[in-house]
Amino acid sequence: MAERVRQQQAQARKQRKEKQALVAMKVKTWWHWANPADPHHTYLQTKKVESYGLRQDKHDGALLVPLVDGESLVNLQRIYPDGKKRFVAGGRITGCYSALGGADGPLYVCEGWATGATIHALTGAAVACAMNCGNLRPVAESLRKRHGDRMLIIAGDNDRFTDGNPGKSAAIEAAKAVGGEWMVPDFPDGLPGTDYNDRYLLELEGRL
């Protein structure tokens, strides 16, 4: 029975890797044929950020956010004009990220792409967008292997309205795992928001 379970697990891993390889080939083609992102795309206008090299699907208008494994494109996050987000099913996500380049100095790791674009715009630093709090630690560990002693700052979401504040907890865990630092945005009582883009928008509106 134990041997049968091991064989089934090995087969499942093989099939998963094969699927991930097919998705990687597919998204590279989509990326190649997509247009540069429209700077007036509804999502970019709502978040008040530049496109920073994103591309856009010619057919449905979705923004294409590239996810890399440090070396090559492996998946895409599609962001539709209404703000809905979808990864390509079967593609790699864990340990992968969307990179925003920057000068030498601290390397930030955050969750969403708009949050990363905001941090990059305000600091000029390089940012790796992990896409969700559960991926902060895998991305941070991958970057630590690639960047040695470079300062890593985990810029988590402040999920203050969610029990246990998972964004903050994940940021602290990731920072401890790689010997880095962590931070989350603060918000006055009575104001909405959880991430650094939310705080940036509040500042633009003069509410902070």
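Now for a quick tour of the structure. Because the structure is predicted, anything quoted here is derived from the model rather than measured.

### Quick notes on the overall build of the protein chain
Next, step 1: For the protein chain, the helix and strand inventory stands at six helices and 10 strands.
Next, step 2: Against the 2.2 N^0.38 benchmark of 17 Å for 208 residues, the protein chain shows a C-alpha radius of gyration of 18 Å, consistent with a compact globule.
Next, step 3: Seen through its C-alpha atoms, the protein chain measures out along the principal axes to roughly 60 × 40 × 35 Å.
Next, step 4: Counting the 208 residues in the protein chain, one finds 44% classified as buried.
Next, step 5: Taking the intrachain contacts of the protein chain between residues at least 6 apart in sequence as the baseline, contacts between residues at least 24 apart amount to 53%.

### A word on the sheet that holds strand β6 (residues 98-100)
Next, step 1: Spatial strand order, β6-β8-β7-β9-β10: five strands in an open sheet with mixed pairing. Of all strands in the sheet, those bounded by a partner on one side alone are β6 and β10 (181-183). For this sheet, the mean angle separating the axes of adjacent strands, direction not counted, is 25°.
Next, step 2: Here strand β9 (residues 152-155) pairs with β10 via three bridges, running parallel. Paired with Ile154 across the strands is Trp182, a residue of β10.
Next, step 3: Of the strands in this sheet, β7 (103-110), β8 (125-129) and β9 touch helix α4 (residues 136-147), which is tilted by about 155° from β7.

### Some points on the pattern of salt bridges
Next, step 1: For the structure shown, the criterion picks out nine salt bridges.
Next, step 2: Put simply, Arg92 and Asp69 hold a salt bridge, and the shortest N to O gap is 3.1 Å. Placement of the pair is Arg92 in the loop between β5 (85-87) and β6 and Asp69 in the loop between β3 (63-68) and β4 (73-79), with a sequence separation of 23 residues.
Next, step 3: Residue class for Arg92 comes out partly exposed when judged on its relative accessible area of 29%.
Next, step 4: The buried category is assigned to Asp69, whose relative accessible area is 16%.
Next, step 5: For Glu71, the salt bridge is made with Arg146, and the minimal N-O distance between the two is 3.9 Å. In this pair, Glu71 sits in the loop between β3 and β4 while Arg146 sits in helix α4, placing the two residues 75 residues apart along the sequence.

### Things to note about the environment of Leu202
Next, step 1: On the secondary structure map, Leu202 appears in helix α6 (residues 196-204).
Next, step 2: Judged by its relative accessible area of 5%, Leu202 falls in the buried class.
Next, step 3: For Leu202, the contacting residues outside a window of four places in its chain are Phe187, Leu191, Pro192, Arg207 and Leu208.

The rules behind each value
- Residues numbered from 1 in each chain as written.
- Predicted model: local features only at pLDDT ≥ 70, side-chain atom pairs only at ≥ 80, totals over all residues.
- Heavy atoms only, no water.
- Helix = DSSP H or I, 4+ residues; strand = E, 2+ residues; numbered from the N terminus.
- Rg over C-alpha atoms; globule rule 2.2 N^0.38 Å.
- Buried < 20%, exposed > 50% of the residue type's maximum accessible area, 1.4 Å probe, protein only.
- Contact = heavy atoms within 4.5 Å.
- Pairing = 2+ DSSP bridges.
- Axes fitted to C-alpha atoms, helices over the stretch in contact; angles between N-to-C directions.
- Salt bridge = Lys/Arg side-chain N within 4 Å of Asp/Glu carboxyl O.

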